[in-house]
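If you want the building blocks of each chain, they are given just below.
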Amino acid sequence: MNTILTLPDGTAVGTGLQTPASLSTAFPLYEDAGPMLTDAQIADAAKSGAMRGKGRFGDDWVGNQRDKGSCNGWAGAKSLQRARVRRGLPRVNLSGAYLYSLINGGSDNGSMLDAGMAAIQSRGIATEETVPWDRIYPSLYDRAKADAEASKNKGFECYAVRSRQALFSALAVGFDCVVAVHADNGFMALDSDGVAGGGNGPGNHAVLCDGLYWSARRGRPVGDGVNSWGLSYGDRGRMGLDWNAHFAPTTQYHVFYAIRSTTDGGDSPPAAT
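Keep in mind that what you see is a predicted model, and the values were worked out from it rather than measured. (Residues numbered from 1 in each chain as written. Predicted model: local features only at pLDDT ≥ 70, side-chain atom pairs only at ≥ 80, totals over all residues. Heavy atoms only, no water.)

Q: Quick one: what's the story with the pairing of strand β8 (residues 256-263), residue by residue and with numbers?
A: Taken across its eight residues, β8 has six buried, putting it largely inside the fold. Of the strand pairs in this sheet, strand β4 (residues 176-181) and β8 are connected by three bridges, and their pairing is antiparallel. When the bridges of β8 are listed, Asp-176 appears paired with Ile-259. (Buried < 20%, exposed > 50% of the residue type's maximum accessible area, 1.4 Å probe, protein only. Helix = DSSP H or I, 4+ residues; strand = E, 2+ residues; numbered from the N terminus. Pairing = 2+ DSSP bridges.)

Following this line, the structure appears as structure tokens:
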């Protein structure tokens with residue numbers, strides 16, 4: 001469901017992550033197919049600062065779902081947007097509303113992570129120009145144009161992520177990961193290491209991690225998280241995410257996923273300016 005929360009500046013924002021009936025998935029596990037690193041290798045990557053997303057993807061990469069329940073769409077779209085650029089392609093601003101429109105069942109009550117991963121690979125994602133933030137149903141946009149754009153922006157080499165070692169290994173080698181957190185009032189505040197408060201629940205909100213960094217306060221790596229509530233939230237839309245506080249509870253209910261690359265079905269849409 002779409003639980004509405006209020007940012008410190010008074011802005012109302014949505015969540016929208018649904019809990020699946022089971023943790024079964026048709027997608028390959030990162031633990032079986034992806035590069036798995038040791039704790040020491042992950043720590044070295046986190047401490048180096050080289051794998052922090054914040055240094056590469058600035059303010060204009062932060063999405064804003066506003067009061068819609070489209071968090072999963074935004075997390076997936078902005079992950080794929082980053083994966084394109086990591087591959088050496090021009091930046092194209094991809095639409096979280098479009099991805100959400102494919103998986104929300106015709107109502108603004110949220111969606112499930114696994115459905116987003118499936119749609120990214122089978123359907124792809126249209127641009128924000130064609131499908132703005134509030135066009136969350138296919139009837140609200142030019143479907144033929146959007147679907148044609150989406151076919152040129154699909155995810156490839158996507159894996160289900162089920163463990164701490166897999167998540168931080170993926171982030172350390174350049175995957176973008178879509179994860180579940182539980183957003184509540186505590187999640188609104190960041191500590192001295194930029195890490196958000198951990199929510200007490202099974203996971204009501206999808207966000208992405210585009211890297212990792214070292215938390216001196218905790219003595220361990222944390223995910224370099226990106227929210228979809230605009231720049232008013234956290235550190236200009238960003239927050240650190242800790243396995244113990246954020247992911248150990250939610251991974252019991254949700255299958256996270258990692259995206260490393262993209263496929264193209266022809267000429268891509270014009271690059272973003």
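On we go.
Q: Pulling in residues and values, what's your account of the environment of Asn-72?
A: Summarising the element assignment, Asn-72 is placed in helix α3 (residues 71-86). As for Asn-72 and Gly-16, which are separated by 56 residues in sequence, their C-alpha atoms are 7.2 Å apart. Dropping the residues within four chain positions of it, Asn-72 is found in contact with Leu-99, Ile-103, Ser-111, Met-112, Leu-113, Gly-116, Val-178, Ala-206 and Tyr-257. A polar contact is formed between the side chain of Asn-72 and the backbone oxygen of Met-112, at a distance of 2.8 Å. (Contact = heavy atoms within 4.5 Å. Polar contact = N/O pair within 3.5 Å; in protein donor to acceptor, adjacent residues only side chain to side chain.)

Q: Which residues make up the environment of Phe-168, and what values go with them?
A: With respect to the helices, strands and loops of the structure, Phe-168 is situated in helix α7 (residues 164-172). With 55 residues separating them in the primary sequence, Phe-168 and Gly-223 have C-alpha atoms 7.5 Å apart. Once residues within four sequence positions are removed from consideration, Phe-168 is found in contact with Ile-42, Leu-212, Pro-221, Val-222, Gly-223 and Trp-243.

Q: Tell me what's going on with the packing of α3 against helix α4 (residues 96-103), and back it up with residues and numbers.
A: Contact geometry of α3 with α4 gives a least axis separation of 7 Å together with a crossing angle of 125°. One element, α3, and the other, α4, form an angle in the oblique class. Crossing of α3 over α4 shows right-handed handedness. Of the residues in α4, those touching α3 at Asn-72, Gly-73, Trp-74, Gly-76 and Ala-77 are Gly-96, Ala-97, Leu-99, Tyr-100 and Ile-103. Here the contact of α3 with α4 is built from residues that sort into six nonpolar, four polar and no charged. (Axes fitted to C-alpha atoms, helices over the stretch in contact; angles between N-to-C directions. Parallel < 35°, antiparallel > 145°, perpendicular 65-115°, else oblique. Left-handed = near helix turned anticlockwise from the far one by under 90°. Nonpolar A, V, L, I, M, F, W, Y, C, P; charged D, E, K, R; others polar.)

Q: Report on the packing of α4 against helix α5 (residues 113-122), specifying residues and quantitative values.
A: Two numbers describe how α4 lies on α5: the axes approach to 9 Å, and their chain directions differ by 110°. With respect to α5, the axis of α4 lies roughly perpendicular. In this structure, α4 contributes Leu-99, Leu-102 and Ile-103 to the contact, and α5 contributes Ala-115, Gly-116, Ala-119 and Ile-120. Split by residue class, the contact of α4 with α5 holds six nonpolar, one polar and no charged.

Q: I'd like a rundown of the sheet that holds strand β3 (residues 154-161), residues and numbers included.
A: The strands that make up a sheet are held in pairs by hydrogen bonds between backbone atoms, and each pair lies either parallel or antiparallel. If you walk across this open sheet you meet the six strands as β3-β8-β4-β5-β6-β7, and the pairing is antiparallel. The open sheet is flanked by β3 and β7 (238-241), the only strands paired with a single partner. In this sheet, neighbouring strand axes are inclined to one another by 40° on average, regardless of whether the strands run parallel or antiparallel. Where β4 meets strand β5 (residues 205-215), five bridges bridge the pair, whose relative direction is antiparallel. Residue pairing in the sheet places Val-181 in a bridge with His-205 of β5.

Q: Tell me about the packing of aromatic side chains, residues and numbers included.
A: Scanning the model with the defined rule gives 10 aromatic pairs in all. Residues Tyr-30 and Phe-175 carry aromatic rings whose centres are separated by 5.3 Å and whose planes lie at 90° to one another, so their mutual orientation is edge-to-face. Residue Tyr-30 is found in helix α1 (residues 30-33), and its partner Phe-175 is found in the loop between α7 and β4; the two are separated by 145 residues along the sequence. Across the pair, exposure class does not vary: Tyr-30 and Phe-175 are buried alike. Clustering of aromatic rings is evident, with ring pairs tying together Tyr-30, Tyr-159 and Phe-175. One residue, Lys-47, lies across the ring of Trp-214, its end atom 4.5 Å from the ring centre. A cation over a ring is seen here: Arg-52 above Tyr-213, with NZ or CZ 3.7 Å from the ring centre. (Phe/Tyr/Trp six-rings, centres within 6.5 Å; stacked < 30°, edge-to-face > 60°. Lys NZ or Arg CZ within 6 Å of the ring centre and 35° of its normal.)

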